[in-house]
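# Working through the structure, step by step
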Amino acid sequence: RTKMHRELADMFTAICVDAVLTIRKPDTPLDLHMVEIMHMQHKAGTDSRLVKGLVLDHGGRHPGMPKQLSKARVLTINYDLEYMRSEVNSGFYYSNAEEREKMVQAERKWVDDKTKLIIDLKRKACGEGETMVVINQKGIDPLALDLLAKEGILALRRAKRRNMERITLACGGEQVNSIDDMTPEVLGYAEEVSEQTLGEETYTFLEGVSNPFSCTILIKGAHPHVISQIKEAVRDGLRAVSNAVTDGQLLPGAGGIEVLCHAHLMEYRKKVQGRAKLGVQTFADALLVIPKTLADNAGYDAQDALLKLQEEQEAGSPKVGLDVETGEPLDPCAAGLWDNFRVKRQMLDSAAVIAAQLLLVDEVIRAGKQMKKG
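So, here's what we can say about the structure. This one's a predicted model, so the numbers in the text were calculated from it and none came from an experiment. (Residues numbered from 1 in each chain as written. Predicted model: local features only at pLDDT ≥ 70, side-chain atom pairs only at ≥ 80, totals over all residues. Heavy atoms only, no water.)

Here Thr115 shows up in helix α2 (residues 97-125). Taking the C-alpha atoms as reference, Thr115 lies 9.0 Å from Ile179; in sequence the two are 64 residues apart. Excluding its chain neighbours within four sequence positions, the residues that come into contact with Thr115 are Leu81, Ala144, Leu147 and Leu148. Within polar-contact distance, the side chain of Thr115 engages the backbone oxygen of Val111 at 2.9 Å. (Helix = DSSP H or I, 4+ residues; strand = E, 2+ residues; numbered from the N terminus. Contact = heavy atoms within 4.5 Å. Polar contact = N/O pair within 3.5 Å; in protein donor to acceptor, adjacent residues only side chain to side chain.)

What the rule picks out here adds up to one cavity of 30 Å³ or more. Volume-wise, the largest cavity comes out at about 40 Å³. Lining the largest cavity are Ile257, Glu258, Cys261, Leu287, Lys344, Met347 and Leu348. Where the lining of the largest cavity is concerned, the elements lending two or more residues are α6 (256-269) and α11 (341-373). (1 Å grid on protein atoms, 1.4 Å probe; cavity = no way out; pocket = protein on both sides within 12 Å on 5 of 7 lines; lining within 4 Å. Points joined across faces, edges and corners; volume = space filled by probe spheres on them.)

With that settled, consider the sheet that holds strand β3 (residues 54-56). Ordered in space as β3-β8-β7-β4-β5-β6, the six strands form an open sheet in which the pairing is mixed. Only two strands of the sheet have a single neighbouring strand rather than two, namely β3 and β6 (154-156). Pairwise comparison of adjacent strand axes, ignoring direction, gives a mean angle of 35 degrees for this sheet. Here three bridges tie strand β5 (residues 131-136) to β6, and the two strands are oriented parallel to one another. Paired with Ile135 across the two strands is Leu156, which belongs to β6. Lying on the sheet, helix α4 (residues 161-171) is in contact with β3, β4 (68-77), β5, β7 (188-198) and β8 (201-209); it crosses β4 at an angle near 120 degrees. (Pairing = 2+ DSSP bridges. Axes fitted to C-alpha atoms, helices over the stretch in contact; angles between N-to-C directions.)

On to the pattern of salt bridges, then. One side chain can pair with another of opposite charge once the charged atoms of both are near each other. All chains considered together, the criterion is met by 13 salt bridges. Two residues, Glu36 and Arg166, come together in a salt bridge whose shortest N-O distance is 3.8 Å. With a gap of 130 residues between them, Glu36 in strand β1 (residues 35-41) and Arg166 in helix α4 connect regions that are remote in the sequence. Pair check on accessibility: Glu36 and Arg166 agree, each one buried. Salt-bridge contacts for Asp113 lead to Lys109; the nearest nitrogen and oxygen are separated by 2.8 Å. Here Asp113 pairs with Lys109, and both are found in helix α2, just four residues apart, close to one helical turn. Using a relative accessible area of 32% as the deciding quantity, one classes Asp113 as partly exposed. (Salt bridge = Lys/Arg side-chain N within 4 Å of Asp/Glu carboxyl O. Buried < 20%, exposed > 50% of the residue type's maximum accessible area, 1.4 Å probe, protein only.)

To continue, consider the sheet that holds strand β2 (residues 49-51). Spatial strand order, β1-β9-β2: three strands in an open sheet with mixed pairing. The sheet is open, and its two edges are formed by β1 and β2, each paired on a single side. Averaged over neighbouring strand pairs, the angle between their axes works out to 25 degrees when direction is ignored. Where β1 and strand β9 (residues 215-221) come together, seven bridges link them in parallel fashion.

Mapped onto the secondary structure, Ala367 falls in helix α11. Its relative accessible area of 36% is what places Ala367 among the partly exposed residues.

What follows covers a nonpolar patch on the surface. On the surface, Phe283, Ile290, Met347 and Leu348 cluster together into a nonpolar patch covering about 280 Å² of accessible area. Assignment of secondary structure puts Phe283 in helix α7 (residues 276-287). (Patch = residues over 30% accessible without salt bridge, like charges linked within 9 Å, V, L, I, M, F, W, Y side chains within 5 Å. Areas by Shrake-Rupley, 256 points an atom, 1.4 Å probe, with all protein chains shown as cover.)

Position of Asn136 among the secondary structure elements: in strand β5. A polar atom in the side chain of Asn136 sits 3.1 Å from the backbone nitrogen of Lys138. Residues contacting Asn136, with those up to four places away along its chain left out, are Ile77, Asn78, Tyr79, Leu81, Leu156, Arg157, Arg158, Ala159 and Met164.

The next point concerns the pairing of β5. Burial of β5 is extensive: six of the six residues sit out of reach of the surface. Burial along β5 is two-sided: Thr131, Val133 and Ile135 facing one way and Met132, Val134 and Asn136 facing the other are all buried. After leaving β5, the chain enters helix α3 (residues 142-150) and then returns to the sheet as β6, a path that is right-handed. (Right-handed = clockwise from strand over helix to strand, strands pointing away.)

Membership of the largest hydrophobic core comes to 43 residues, with the highest contact counts inside it found for Leu75, Ile118, Met132, Val133, Ile135, Val193 and Leu206. The residues touching Val133, leaving out its near neighbours within four places in the chain, are Leu69, Ala72, Arg73, Val74, Leu75, Leu154, Leu156 and Val193. Met4, Ala19, Ile37 and Val234 belong to the second largest nonpolar core, which has 23 residues in total. (Core = buried A, V, L, I, M, F, W, Y, C linked by side-chain atoms within 4.5 Å.)

The pairing of β3 with β8 spans three bridges and is antiparallel. Across the sheet, residue Val55 finds its bridge partner in β8, namely Phe205. Where β7 and β8 come together, eight bridges link them in antiparallel fashion. Looking at β8, one finds that Glu192 is bridged to Glu207.

Okay, structure coming up:
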């Protein structure tokens, strides 16, 4: 809620949590690359949504292709469906127009035969009411597109490689590198496939996929600045949720964990002998910078706020967090204010290491000055 207004923040909180839970697989580390973040400069931020499927930033390349499909079988291929020149220099010579026409037909026949194999697969694999979508990482020439359009097939060409990998994860099936080896088992499935045009941009939505281990957060906004702010907040939110799911535990926020750690260190200080007590005392006092800063930023007296928190902690109350709206102690767990475990662990570890490095630099400088005097 510090990066966007309350209504938008609550909506994107639910979206980020659903996105991370969608891509989670048992006994497998979370891969946030499986969450695609797309944006459309259109309508308002509250029209953003989570698509449990894919949104591709390109569409069909033939005006006769369908714009809306249901119960679609998805074929992903990495195969050239256009005439390719030979890799070595070669030439064809003819003496009359008939020979030239035969050569043109022979070149065309190679692509047409491959296209007809796709059409035959559609007739074989698609039942009544089912349709087909072809997504090719390479090119499809206009005549091949025309053949596919006449059969009611939506074909997308030159798809991005990262999209190709996510399509097979989300829709099922597998990517085909040789059209001759196609069987119905290589096809994926999507309940709804639709195409939406916005200005000069075309987007293709694949929803209702069979294996939603990949998803897309579609961000909408009226201005590029608004969209960039939302995207930054969404990335931070996804990482925070991912950390929480990976750790399996959270810490009380609103300065609560620092107050509890300070109390624990003060108890530990009693067991330490000698000058080490000073180090424990200093480290414990440094932790209280967090609740003090929260109070200062909220416009309250830092010392008064800190004393109230410590009194609540000594009394055994769960109200160890600071309410920035009232300046009074609150229970961070009941208020839903949490910190990531790994973030706090890294903070404490880095603080000690950085302090040691700074002290080491001071020692080196001091030693250098003494050598000059000598």
